[in-house]
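Each chain, letter by letter, is given below.
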Amino acid sequence: MLPSYLTMAAILFCIGLYGALVKRNAVIVLLSIELMLNAVNLNLVAFSKYGVVPSLTGQVFALFTITVAAAEAAVGVAVLIALFRARGTVNVDEFDEMKR
C-alpha cells in the first residue's frame, strides 16, 4: 500500500511544481503551492501509517503543515488583493518592481 501513496504524492507534487513554475496567474501559483504542501502531507501520513515504526508523529507534522498552509494562503491572498488594487493585474510578470 505504501508505494501507491508515494506515487500519488509524487504525481500531486509534480503537478503543483509544474503549476508554480509555468503559470503566470498568481492565484494559480498559490494553488499550486498548496497542492505541493498537500502532497507532503500525504507522504507524512503514509509514512506514519505504514512506516517501520507506526506512530502519530507524521500525522502531527501533517497537522502543523496544514496550519502553516492555511496561514500562507490567507497572507498570500491578502497580498494579491493589495497588488491587484494597486496594479490592476494578478499576472506575476508584472510584479518585477517594488514600486512604480
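See the structure above.
From a predicted model like this one, the values you see are computed outputs, not experimental measurements.

The rules behind each value
- Residues numbered from 1 in each chain as written.
- Predicted model: local features only at pLDDT ≥ 70, side-chain atom pairs only at ≥ 80, totals over all residues.
- Heavy atoms only, no water.
- Helix = DSSP H or I, 4+ residues; strand = E, 2+ residues; numbered from the N terminus.
- Rg over C-alpha atoms; globule rule 2.2 N^0.38 Å.
- Areas by Shrake-Rupley, 256 points an atom, 1.4 Å probe, with all protein chains shown as cover.
- Lys, Arg positive; Asp, Glu negative; His and termini not counted.
- Charge placed at Lys NZ, Arg CZ, Asp CG, Glu CD.
- Phe/Tyr/Trp six-rings, centres within 6.5 Å; stacked < 30°, edge-to-face > 60°.
- Buried < 20%, exposed > 50% of the residue type's maximum accessible area, 1.4 Å probe, protein only.

Asker: Explanation requested: the overall build of the protein chain in the structure shown.
Answerer: Secondary structure summary: the protein chain contains 3 helices and 0 strands in total. Element order for the protein chain, N to C, with α for helix and β for strand: α-α-α. Since a compact globule built from 100 residues should have a radius of gyration of about 13 Å, the 17 Å found for the protein chain marks it as more spread out than a globular shape. Considered along the principal axes of its C-alpha atoms, the protein chain spans approximately 55 × 25 × 15 Å. When the accessible surface of the protein chain is summed, it comes to about 7,000 Å², and 73% of that surface belongs to carbon and sulfur atoms. Where the 7 positive side-chain charges of the protein chain centre and where its 6 negative ones centre are 4 Å apart.

Asker: Mind showing me how you'd approach the packing of aromatic side chains here?
Answerer: What describes a pair of aromatic rings is the distance from one ring centre to the other and the angle between the planes of the rings. The full count for this structure, using the stated rule, is 1 aromatic pair. Between Tyr-5 and Tyr-50, the aromatic rings sit 5.7 Å apart at their centres with planes inclined by 25 degrees, giving stacked as the arrangement. Here Tyr-5 is found in helix H1 (residues 2–22), whereas its partner Tyr-50 is found in helix H2 (residues 26–50), with 45 residues between them in sequence. Residue Tyr-5 is classed as partly exposed on the basis of its relative accessible area of 29%. Of the residues examined, Tyr-50 reaches a relative accessible area of 34% and is grouped as partly exposed.

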